[in-house]
Amino acid sequence: ALLAVLASMLAYLAAQYIDIQIYHFWKRVTKGKMLWLRNNFSTFSSQFIDTFTVVLLLCIFKLISWDRFTGLVISGFIFKAM
């Protein structure tokens with residue numbers, strides 16, 4: 001359980017960093033306009049990265065099997081996006 005918490009925390013930190021970078025990239029590209037678009041695009045991207053990273057680390061730590069990887073990433077991302 002401790003490894004699962006560690007995996008989740010590492011994934012969260014990575015996803016938040018990437019979220020900020022994507023947001024500021026699109027803010028520069030859109031010249032400060034389209035707030036809704038850049039908010040949603042950066043959030044969806046970071047949520048996918050978070051889900052992917054958590055499941056990847058859980059597989060690496062052998063807490064779940066690799067045959068569940070794709071299904072968990074897809075279902076986890078869809079759940080977060082909804």
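Heads up: the structure comes first, above all this text.
Note that the coordinates shown come from a computational prediction; the quantities given were computed from them, not determined experimentally.

What counts, and where the lines are drawn
- Position numbers for residues count from 1 along each chain, tracking the sequence in the order it is written.
- pLDDT decides what is reported in this predicted model: residues at 70 or higher carry local features, side-chain atom pairs at 80 or more are listed and counted, and totals for whole chains, interfaces and linings draw on all residues regardless.
- Each side-chain value is derived from all of the structure's non-hydrogen atoms; neither hydrogens nor water enter the calculation.
- Classification of residues uses two cut-offs on accessible area relative to the type maximum, computed with a 1.4 Å probe and protein chains only: under 20% is buried, over 50% is exposed, and between them is partly exposed.
- Comment: elements are numbered from the N terminus, with helices defined as DSSP H or I runs of at least four residues and strands as E runs of at least two.
- Between N-to-C directions, angles cover 0 to 180 degrees, with each direction set by a line fitted to C-alpha atoms, over the stretch in contact for helices.
- When describing relative orientation, an angle under 35 degrees is termed roughly parallel and one over 145 degrees roughly antiparallel, while 65 to 115 degrees is termed roughly perpendicular and anything else oblique.
- In this scheme the handedness of a crossing depends on how the near helix is turned from the far one: anticlockwise by less than a right angle means left-handed, clockwise means right-handed.
- All residues other than Ala, Val, Leu, Ile, Met, Phe, Trp, Tyr, Cys, Pro, Asp, Glu, Lys and Arg, Gly among them, are scored as polar; the first ten of these are nonpolar and the last four charged.
- Within this analysis, patches are made of residues with over 30% relative accessible area and no salt bridge. Like charges are joined at 9 Å or less; nonpolar side chains (Val, Leu, Ile, Met, Phe, Trp, Tyr) at 5 Å or less.
- Residue burial considers only the protein chains on display, and all accessible areas are found by Shrake-Rupley using a 1.4 Å probe.
- Counted as salt bridges are all cases of a side-chain nitrogen of Lys or Arg within 4 Å of a carboxyl oxygen of Asp or Glu.
- Put simply, a nonpolar core is a bunch of buried Ala, Val, Leu, Ile, Met, Phe, Trp, Tyr and Cys residues held in one set by side-chain atoms that sit within 4.5 Å of each other.
- Residue contacts are defined here by distance: any two heavy atoms, one from each residue, within 4.5 Å place the two residues in contact.
- For a helix, the expected span equals 1.5 Å multiplied by the number of residues minus one.

Even without being glycine, Lys31 reaches a positive phi, approximately 55 degrees. A residue is classified by how much of its surface remains accessible, and Lys31, at 72% relative accessible area, is exposed. Despite not being glycine, Met34 has its phi angle at roughly 60 degrees, a positive value. Tracing the sequence through the fold places Met34 in the loop between helix H1 (2-29) and helix H2 (35-60).

On to the packing of H1 against H2, then. As a packed pair, H1 and H2 sit with axes 8 Å apart at the nearest point and diverge in direction by 155 degrees. Put simply, H1 runs roughly antiparallel to H2. Along this stretch, H1 crosses H2, giving a crossing that reads as right-handed. For the contact of H1 with H2, the class distribution of residues is 16 nonpolar, 7 polar and 4 charged.

The next point concerns a nonpolar patch on the surface. A cluster of nonpolar side chains, contributed by Leu3, Leu6, Leu10 and Leu63, occupies part of the molecular surface with about 320 Å² of accessible area. Mapped onto the elements of the fold, Leu10 is located in helix H1.

Glancing now at the nonpolar core. With 10 residues, the main nonpolar core is built from Ala7, Ala11, Val54, Val55, Leu57, Leu58, Cys59, Ile64, Phe69 and Val73. Not counting chain neighbours up to four residues away, the residues in contact with Val55 comprise Ile64, Phe69, Leu72 and Val73.

Right, let's talk about the packing of H2 against helix H3 (residues 69-81) for a bit. Across the interface, H2 lies against H3 with an axial gap of 9 Å and an inter-helix angle of 145 degrees. The crossing of H2 and H3 is right-handed. Taking contact as the criterion, the partners of Phe44, Gln47, Phe48, Asp50, Thr51, Phe52, Val55, Leu56 and Cys59 in H2 are, on H3, Phe69, Leu72, Val73, Gly76, Phe77, Lys80 and Ala81. Taken together, the residues that form the contact of H2 with H3 break down as 11 nonpolar, 3 polar and 2 charged.

For the rest of this paragraph, the subject is H1. Along its 28 residues, H1 runs 41 Å from first to last C-alpha, staying within 8% of the 40 Å computed at 1.5 Å per residue. The complete set of buried residues in H1 reads Ala7, Ala11, Ala15, Asp19, Ile22 and Tyr23. At its buried positions, H1 is contacted by H2. One or two steps after H1, the chain reaches Lys31, where phi turns positive at roughly 55 degrees.

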